[in-house]
Amino acid sequence: MSAALQQISRRRTFAIISHPDAGKTTLTEKFLLYGGAVQLAGSVTSRKNQRATTSDWMELEKQRGISVSSTVLQFDYSGCVVNLLDTPGHKDFSEDTYRVLTAVDAAVMVIDAGKGIETQTRKLFEVCRQRGVPIFTFMNKLDRPARPPLELLDELESVLGIHALPMNWPLGDGVDFKGVYDRREKSVHLFERTPGGTYRAPVSVGGIQDEAVRSSLAPDVYSKVCDELELLDGAGTDFDFAAVSAGKSTPVFFGSAMNNFGVQLLLDNFLKLAPSPTPRPSGTKVVQPDYEPFSGFVFKIQANMNPKHRDRVSFIRVVSGCFRRDMLATHIRTGKPVRLGNSQRLFAQDRETVDEAWAGDVVGIVGNYDFLIGDTVSEDASLQFSEIPRFPPECFAYIRNSSTAKFKRFREGLDQLLKEGVAQQFELPDAVARVPLLGAVGPLQFEVMQYRLETEYSADCRVETAPWQFARWILKEGSPFLERPEILLPSGCTLARDSFGFWVVLLPSSWTIGYLEEKNADLTFTAAPPHAPPITES
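The text that follows walks through the structure, step by step, so that each part is easy to find.

So, how was this worked out
Each chain carries its own residue numbering, running from 1 in the direction its sequence is written. Confidence filtering applies because this is a predicted model: local features only for residues at pLDDT of at least 70, side-chain atom pairs given and counted only at 80 or more, and all residues used for totals across whole chains, interfaces and linings. Excluding hydrogens and water, the side-chain figures rest on all heavy atoms present in the structure. Each Phe, Tyr or Trp ring (for Trp, its six-membered ring) is paired with any other whose centre lies within 6.5 Å, and the angle between the two planes then decides the class: stacked below 30 degrees, edge-to-face above 60, tilted in between. In DSSP terms, a helix is any run of H or I states spanning at least four residues, a strand is any run of E spanning at least two, and both are numbered starting from the N terminus. Working definition: with a 1.4 Å probe on protein chains only, accessible area under 20% of the residue-type maximum means buried, over 50% means exposed, and in between means partly exposed. Two conditions define a charge located above a ring, namely a distance within 6 Å from the ring centre to NZ of Lys or CZ of Arg, and an angle within 35 degrees of the ring normal. Any two strands are treated as partners once DSSP identifies two or more bridges connecting them. In this analysis, axes come from line fits to C-alpha atoms, helices being fitted only over the stretch in contact, and the angle between any two N-to-C directions falls in the range 0 to 180 degrees. Two residues qualify as a contact provided that any one of their heavy atoms is within 4.5 Å of a heavy atom in the partner residue. Oblique is the label for any angle not covered by the other classes, which are roughly parallel (under 35 degrees), roughly antiparallel (over 145) and roughly perpendicular (65 to 115). It is the rotation of the near helix from the far one that decides the hand of a crossing: anticlockwise by less than a right angle makes it left-handed, clockwise makes it right-handed.

### Re the packing of aromatic side chains
Two measures describe an aromatic ring pair: the distance that separates the ring centres and the angle between the ring planes. This model, assessed by the stated rule, comprises 15 aromatic pairs. Measuring from centroid to centroid gives 4.8 Å for phenylalanine 136 and phenylalanine 270, while their planes differ by 75 degrees, and the two rings are edge-to-face. Here phenylalanine 270 lies in helix H10 (residues 263-273) and phenylalanine 136 lies in strand S5 (residues 135-140), a separation of 134 residues in the sequence. Overall, the relative accessible area of 2% leaves phenylalanine 270 in the buried class. With 6.2 Å between their ring centres and 50 degrees between their planes, phenylalanine 426 and tryptophan 473 make a pair best called tilted. You can see phenylalanine 426 sitting in strand S25 (residues 424-426) and its partner tryptophan 473 sitting in strand S28 (residues 470-476), a full 47 residues away along the chain. Exposure remark for phenylalanine 426: the relative accessible area of 3% places this residue in the buried category. Here the aromatic residues Phe14, Phe31, Phe136 and Phe270 are joined through ring pairs into a cluster of three or more. Across from the ring centre of tyrosine 398, 5.7 Å away, lies the NZ or CZ of arginine 400, which sits over that ring.

Below you can see the structure in the form of C-alpha cells.
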C-alpha cells in the first residue's frame, strides 16, 4: 500500500445528527473525552462550576444550551485520524446541518431511548439516505426510563425503513441500567457512574453467565435480558458491511452519553466499521480519494471564531490528494490561482497550523479569500464539485440598522454573515426604502444574526417580520430569468431578485402558488434555487 493510501485509509470523517435534546452535543463531548482530546467532559447546560462543552463555543450556545453552529473537531484515536462534525439539532438550522452532511462519509444518529424517533431525526435520516451516507445508531439516555429496546428496533425498521442490527444490548434502564452486553465479543460491560459524567466510566467485563453479572442485576432484569438475547440470536442476522454502506442496515448501540456508559464501545466499533474517505462526482468524472492532484470544496464559512482576531475561516473538505500549506491551487468559480497559506486545524475555538492534510480531512483556511459556500479548490482545473445544495427560505424578515453612525459596521457584519450562509438576501426593486430583506429556513436564524451583529460587530439592529412564506424562482425553458419577467402576480405577492440576480416571486400563502402557476402557464416556478452562474472575466 502506498504512503498516500495508508494516510487516507486512517481517516474517518463523520457527523452526529439528532433531534434537539437527544444528546448529540453531549455524545460529541464524550467522544473527545475517550479520544483523549479533552481531560474533562463538559456539560451542554453547564452550571457555574462546570465546564462548558468544547463544541458549543459561541456565547449564545452557552447561554441557550443549544448548538446553533456546526463545529469541526479533529483528534487521533486508536490509529485513526477522526474528523468529527457536531451539527445543530434545531430545525431552524437544518441548512447548516445539510451542508455538513455533504462533507462526511458516515453519520451517527442519536435517538432518545425514552422518546424514539422524532421529527428532525426523520428529516436528517432522509438526507443521509439520499446522499448514500452510512448511518450508525446510538440509543441514548438508558440511564432514564426508556422504551423497550425491541420496540425501539422495530420503530427503526417500520418508520425509517432500515434494518436494525443491535451490536450491543442494554442491561436494564433507568436506575436499573448497569451496562451493556457486547454481542460480537459475547461479553458484558458493567459501568460505574462518575460525578456528572466528567471522567471515563470504570468498566468491568465478564460473560452473561458470570455470577458478578447475575448479582449486579435485579432477577427480573437479568431474566428479561437473557430472553431478549436468545430471541436476537435466534434471528441470526450477521453484520453486513455492504448493507450498511448502501444505507439498508444500521448498526445499533445502546448507552448513556451523560454517564459515559457505552460510549467507548460505540467509538471503537464505529472506527472499525465506518468507511474511509469515499469518491466524489465531478461532472461526468468520479474523483477517487487517492487521485494525486489536491481537490476539495468549501462547505462552511465562519467569522469571528476568535474574537481577538476578527478573522474568517473557510472550511474545506479535502476530496483527493494531499493538501500542503502554501500550495497553489485554482479557485474554480473565478478561474484564478490562490495560494492556500494560513491553513489551520480547528478544534472548536482552538487552532494549530496544519502543514499537510489528506483526503477526508477538513482544513480551515484563515483569511479574506473570495470563497463562497460550495466553491471548488483544486490543482486540477477541470474538476468542479456540486456538493452543496441551496435551500428555499421558509420565512422572511427585514433587518434594519438602528444607528446611522454605525452603518458601516452593520453593512460589513451583514455581508460577512451572508457569506457564511446564515440567510439569503433578496432585493425588492419596487421598494421605496433599501432595507435588507432576508430569507431563512427558520426564524431562529434571524435571532442569531441580530445577536452576532450586535456582539461581534457592535452594530445595533432590529428584525421585522415580512409577510411572505414561500419563494418561487421563475424559469423559462429551464433557465432562470436575469431580466425582469412579464408576469401576472396574485394579490400580496411581489417580485424580487436573489443575490445572484435571479428573479423570484415571494408569496404569502400556499394558495397563491397555485394561482401564480395558473395565470402564468408559459413559465415554470421552482422552489429549488438555481445554482450560481459562473464568473466570467470582463
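### Overview of the sheet that holds strand S27 (residues 461-465)
One key point about sheets: their strands pair by backbone hydrogen bonds, in either a parallel or an antiparallel sense. Spatially, the four strands line up as an open sheet ordered S25-S26-S24-S27, and their pairing is antiparallel. Only two strands of the sheet have a single neighbouring strand rather than two, namely S25 and S27. Across the sheet, the axes of successive neighbouring strands diverge by a mean angle of 35 degrees, strand direction being ignored. Direction of pairing for strand S24 (residues 395-401) relative to strand S26 (residues 437-440): antiparallel, over a ladder of four bridges. Its bridge partner being in S26, alanine 397 is matched across the sheet by leucine 438. Against the sheet, helix H11 (residues 407-419) makes contact with S24, S25, S26 and S27, and its axis sits at roughly 150 degrees relative to S24, the strand it touches most. In the packing of helix H12 (residues 444-456) onto the sheet, contacts are made with S24, S26 and S27, and the angle to S27 comes to roughly 165 degrees.

### Some remarks on the packing of H11 against H12
The interhelical angle for the contact between H11 and H12, taken along N-to-C directions, is 135 degrees, at an axis separation of 10 Å. Comparing their axes, H12 and H11 come out oblique. Handedness of the crossing formed by H11 with H12: right-handed. Contact residues: H11 offers Phe410, Gly413, Leu414, Leu417 and Leu418, while H12 offers Met449, Arg452 and Leu453.

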